[in-house]
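Per-entry structural report
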Amino acid sequence: MNDRYRIIGPLYDFLAMIFSFGQIDRCKTAMHDHIKPGDKVLFAGVGQGIDAVAAAERGAEVTVVDLSESMLRIFNKRIQGRYFTHQIRQVHQDILTFDEYDQFDMVYANFFLNVFSKEMMLEIMEHLTKLTKKGGNVVIGDFALPSGNVVAKMFQNIYWYIADIIFFVMARNALHPVYDYQAHMQQLGLTISDLKYLRFLFDERYCSIMGKKG
Ligand SMILES: C[S@@+](CC[C@H](N)C(=O)[O-])C[C@H]1O[C@@H](n2cnc3c(N)ncnc32)[C@H](O)[C@@H]1O
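Here's what I pulled together on the structure shown here. (Residues numbered from 1 in each chain as written. Predicted model: local features only at pLDDT ≥ 70, side-chain atom pairs only at ≥ 80, totals over all residues. Heavy atoms only, no water.)

**Focus on the overall build of the protein chain**
When its secondary structure is counted, the protein chain shows 7 helices and 7 strands. From first element to last, N terminus to C terminus, the protein chain shows the α and β order α-α-β-α-β-α-β-β-α-β-α-α-β-β. In terms of C-alpha radius of gyration, the protein chain reaches 16 Å, essentially the compact-globule figure of 17 Å for 214 residues. Projecting the C-alpha coordinates of the protein chain onto the three principal axes gives extents of approximately 50 × 40 × 30 Å. Within the protein chain, the fraction of its 214 residues that count as buried is 51%. Here the protein chain has roughly 10,400 Å² of accessible surface; of this, 57% comes from carbon and sulfur atoms. (Helix = DSSP H or I, 4+ residues; strand = E, 2+ residues; numbered from the N terminus. Rg over C-alpha atoms; globule rule 2.2 N^0.38 Å. Buried < 20%, exposed > 50% of the residue type's maximum accessible area, 1.4 Å probe, protein only. Areas by Shrake-Rupley, 256 points an atom, 1.4 Å probe, with all protein chains shown as cover.)

**So, the side chain of Asp51**
One can find Asp51 in helix H3 (residues 50-57). Lys28 provides the closest opposite charge to the buried, unpaired Asp51, separated from it by 5.3 Å. Within the structure, the side chain of Asp51 is placed 2.8 Å from the side chain of Asn110, a separation counted as a polar contact. Look past the residues within four positions of Asp51 in its chain and what remains in contact with it is Lys28, Thr29, His32, Phe43, Val46 and Asn110. (Lys, Arg positive; Asp, Glu negative; His and termini not counted. Salt bridge = Lys/Arg side-chain N within 4 Å of Asp/Glu carboxyl O. Polar contact = N/O pair within 3.5 Å; in protein donor to acceptor, adjacent residues only side chain to side chain. Contact = heavy atoms within 4.5 Å.)

**Description of the sheet that holds strand E6 (residues 190-200)**
Paired through their backbone hydrogen bonds, the strands of a sheet run either parallel or antiparallel. Taking strand neighbours across the sheet as the criterion, the 7 strands line up as E3-E2-E1-E4-E5-E7-E6 in an open arrangement whose pairing is mixed. This sheet does not close on itself; its edge strands, each paired only once, are strand E3 (89-92) and E6. Direction aside, the axes of adjacent strands within the sheet are offset by 15° on average. Two elements, strand E2 (residues 61-66) and E3, share 4 bridges in a ladder whose sense is parallel. Its bridge partner being in E3, Val65 is matched across the sheet by Val91. Sheet strands in contact with H3 are strand E1 (40-44), E2 and strand E4 (104-110), and its direction is about 165° off that of E2. (Pairing = 2+ DSSP bridges. Axes fitted to C-alpha atoms, helices over the stretch in contact; angles between N-to-C directions.)

**A look at the site of the ligand**
Neighbouring residues of the ligand: 19 residues in total, closest Lys28, Gly45, Asp66, Ile95 and Asn110. Interatomic distance of 2.7 Å between a side-chain N/O atom of Lys28 and an oxygen atom of the ligand. Here a nitrogen atom of the ligand sits 3.0 Å away from a polar atom, N or O, in the side chain of Asp94. In the complex, the protein chains occlude 95% of the 600 Å² of accessible area that the ligand would expose alone. Its atoms largely coinciding with the cavity grid, the ligand occupies the largest pocket. Residue classes in the shell around the ligand are distributed as 10 nonpolar, 5 polar and 4 charged. (Near = heavy atom within 4 Å. 1 Å grid on protein atoms, 1.4 Å probe; cavity = no way out; pocket = protein on both sides within 12 Å on 5 of 7 lines; lining within 4 Å. Sits in = over half its atoms within 2 Å of the grid points. Nonpolar A, V, L, I, M, F, W, Y, C, P; charged D, E, K, R; others polar.)

**Some remarks on the packing of aromatic side chains**
Scanning the model with the defined rule gives 15 aromatic pairs in all. Relative to Phe200, the ring of Phe21 lies with its centre 5.5 Å away and its plane at 80°, an arrangement referred to as edge-to-face. Of this pair, Phe21 sits in the loop between helix H1 (12-20) and helix H2 (23-28) while Phe200 is found in strand E6, placing the two residues 179 residues apart along the sequence. Given a relative accessible area of 62%, Phe21 falls into the exposed group. Seen in terms of ring centroids, Tyr159 and Tyr206 are 6.4 Å apart; in terms of plane orientation they differ by 70°. Their pairing is edge-to-face. With Tyr159 in helix H6 (residues 150-171) and Tyr206 in strand E7 (residues 203-213), this pair connects stretches of sequence that are 47 residues apart. Classification of Tyr206 by relative accessible area gives buried; the value is 0%. (Phe/Tyr/Trp six-rings, centres within 6.5 Å; stacked < 30°, edge-to-face > 60°.)

**Some points on empty space enclosed by the protein**
Enumeration over the complete set of coordinates arrives at 1 cavity of 30 Å³ or more. Around the largest cavity, the lining residues are Phe143, Ala144, Pro146, Gln156, Tyr159, Trp160, Val178 and Arg205. Ranked by residue count, the leading element in the lining of the largest cavity is H6, at 3 residues. A breakdown of the residues in the lining of the largest cavity according to their chemical character gives 6 nonpolar, 1 polar and 1 charged. (Points joined across faces, edges and corners; volume = space filled by probe spheres on them.)

Now the structure itself:
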């Protein structure tokens, strides 16, 4: 399997930390207060997985899925020797072939959907919704849609494209504008049940959006 995150993967969390002064990490766990012990929680494209570990620490039954062997190796190191109420299940697979439908109380896509072209992102978002139980939630943590006046939007777009271009070169991510995840979630029939913004350099740069499946 072609591992696009072999080179950038080990650096990913460090780059995210300096690029956002830690706000990306905070964004990834912004909805964790909704997790209850015993909840079945899925992390799609888990990467290094600080969010998945934090969910397991809350007593959730965590499953992580990632296509990259090197990312899962890093994740494995992170949890080595750790004890959780429920051992974390790791799945090395394309998320689109992971078909445990209607099983999860929460399905997370943290900084995952921005990897894809719009067409693919919509297909994956629909798939993640199918994996979620009725009454469960899909959580998307990512770059916030640029807002404010023309200058503010311009800075937010430049900031996004710096990240996008680095990952386009290093991991062949798609080049695209920031997606309007909230609108797409609503189009899929999800009801926005919580929304948190994280500020960076004068404006709301990241958001965590929770959508309930009816
Ligand atoms: C931008 S990183 C984000 C990682 C992590 N969620 C975070 O916030 O740090 C995207 C992750 O998605 C994984 N990935 C990409 N395409 C995938 C797919 N089709 N199925 C599962 N994982 C995938 C990559 O290997 C990588 O670990």
